[in-house]
Amino acid sequence: MIQHATISDMRRWREEQRHAGRRVGFVPTMGHLHEGHLSLVDRSRDLADATVLSVFVNPTQFGPGEDFDRYPRDLERDRGLAERRGVDCLFVPSVSEMYPRAASVALDPGSLGAHLCGPLRPGHFAGVMLVVLKLLHIVEPDIAVFGRKDAQQAIILGRMVDDLNLEVQLDVAPTVRESDGLALSSRNAYLTPDERRAAAAIPRALDAGHRAYREGATEPETVVAAVRRELENEQLMRVEYIDAVDPETLAPARRVQDRTVLVLAARVGATRLIDNVVLGEGTASDVFLDG
Ligand code: AMP
């Protein structure tokens, strides 16, 4: 596995792949790798001939008072995990390499940013779009793989690729979960043992909503109430939103149907966690790790 820290070295490597006729797959991450990230690497390796994984904690997607400074970072560990999983090129640019000065151009997610995490994290998706667009221009991958765990992000980026005619195919991979259902996230590292136990109520609650749908509920309020009920007694949990949304517009669904996305954000202690389930698919489409 080769490691590059500069944009020019990264581009040179990319050119070599082009000359060799290799399709390049790309997995952008903020590091502190876990099995969710590594499942995206597997996916990239299935779809492409060479895989780039980037590790970059992107300051422009964190708001003031968010966890940019304390976001977990461990490059040596990430290097080992990436190499063992078959990553060909690790791209680890510094903040000054990516942002030699503050960007003047800004991207706007439009109406897709008006829902869910958008209003709660002002500027977040603009920051994600900026860094992903820059990375896509630097790496010029044939395929880029994102996780469905961050559903709003994947939908916004899909729309950005479409609207801007980017020549990359996006692939959105299933959520990887612990054996009790909690979606893997770098931020799970912040949870105390009590909070970790409380966090398991999130996937249980989404399951309860899914069950309500399978049992015939078509009103969003009914499904959302089933989710909320499951979280009512969790003292350590503060729900930010629970919603049933349209998979294309992210607007609240008028009726719940197959492909409606049931989304949830909650704080467990000080840690903000998000999760979702696509209705009709069954959680069987997600990947569960063995206990
Ligand atoms: P992050 O490092 O949190 O920015 O995530 C990098 C990529 O990994 C994003 O596309 C995420 O959606 C994806 N990802 C994060 N957690 C998971 C998970 N549990 N399962 C699958 N993909 C994930």
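So, a few notes on the structure that sits alongside this text. All values reported here derive from a predicted model rather than from experimental measurement.

Topic: the overall build of the chain
For step 1, the next point in the chain: Assigned secondary structure in the chain consists of 10 helices and 11 strands.
For step 2, the next point in the chain: Against the globule reference of 19 Å for 291 residues, the chain gives a C-alpha radius of gyration of 19 Å, in line with a compact fold.
For step 3, the next point in the chain: Overall size of the chain, expressed as C-alpha extent along the three principal axes, is 55 × 40 × 35 Å.
For step 4, the next point in the chain: Within the chain, the fraction of its 291 residues that count as buried is 53%.
For step 5, the next point in the chain: In the chain, 73% of the contacts between residues at least 6 apart in sequence involve partners at least 24 apart.
For step 6, the next point in the chain: By element, 47% of the accessible surface of the chain is carried by carbon and sulfur atoms, the whole surface being about 13,800 Å².
For step 7, the next point in the chain: With 35 positive and 44 negative side-chain charges, the chain shows a spacing of 2 Å between the two charge centroids.

Quick word on the site of the ligand
For step 1, the next point in the chain: Taken together, 17 residues surround the ligand, and among them His37, Gly147, Asp150, Val176 and Leu184 come closest.
For step 2, the next point in the chain: A distance of 2.9 Å separates an oxygen atom of the ligand from a polar atom in the backbone of Met30.
For step 3, the next point in the chain: In this structure, a nitrogen atom belonging to the ligand sits 2.9 Å away from a main-chain N or O atom of Val176.
For step 4, the next point in the chain: Protein chains shield 92% of the accessible area of the ligand, which is 480 Å² for the free molecule.

Observations regarding the nonpolar core
A general feature of soluble globular proteins is that nonpolar side chains tend to end up buried together.
For step 1, the next point in the chain: Core analysis: the biggest nonpolar cluster contains 42 residues, and Met10, Val52, Val132, Leu136 and Met160 have the highest contact counts within it.
For step 2, the next point in the chain: Ranked by residues supplied to this core, first place goes to helix H6 (residues 124-139) with 11 residues.
For step 3, the next point in the chain: Sequence-distant contacts of Val132, that is, excluding residues within four places in its chain, are made with Phe146, Leu157 and Met160.
For step 4, the next point in the chain: If you look at the next biggest cluster of nonpolar residues, it comprises 27 residues, including Leu182, Ala199, Leu231 and Ile242.

Concerning the sheet that holds strand E10 (residues 271-278)
For step 1, the next point in the chain: Here we have three strands laid out as an open sheet, ordered E8-E9-E10, and antiparallel in their pairing. Sheet topology places strand E8 (237-245) and E10 at the edges, where each strand pairs with a single neighbour. With strand direction ignored, the average angle separating the axes of adjacent strands in the sheet is 15 degrees.
For step 2, the next point in the chain: Sheet topology places strand E9 (residues 261-268) next to E10; eight bridges connect them, and they run antiparallel. Bridging across to E10, Val261 finds its partner in Val278.
For step 3, the next point in the chain: Where helix H9 (residues 201-214) meets the sheet, its contacts fall on E8, E9 and E10, and the angle it forms with E10 comes to roughly 30 degrees.

Thresholds applied
- Residues numbered from 1 in each chain as written.
- Predicted model: local features only at pLDDT ≥ 70, side-chain atom pairs only at ≥ 80, totals over all residues.
- Heavy atoms only, no water.
- Helix = DSSP H or I, 4+ residues; strand = E, 2+ residues; numbered from the N terminus.
- Rg over C-alpha atoms; globule rule 2.2 N^0.38 Å.
- Buried < 20%, exposed > 50% of the residue type's maximum accessible area, 1.4 Å probe, protein only.
- Contact = heavy atoms within 4.5 Å.
- Areas by Shrake-Rupley, 256 points an atom, 1.4 Å probe, with all protein chains shown as cover.
- Lys, Arg positive; Asp, Glu negative; His and termini not counted.
- Charge placed at Lys NZ, Arg CZ, Asp CG, Glu CD.
- Near = heavy atom within 4 Å.
- Polar contact = N/O pair within 3.5 Å; in protein donor to acceptor, adjacent residues only side chain to side chain.
- Core = buried A, V, L, I, M, F, W, Y, C linked by side-chain atoms within 4.5 Å.
- Pairing = 2+ DSSP bridges.
- Axes fitted to C-alpha atoms, helices over the stretch in contact; angles between N-to-C directions.

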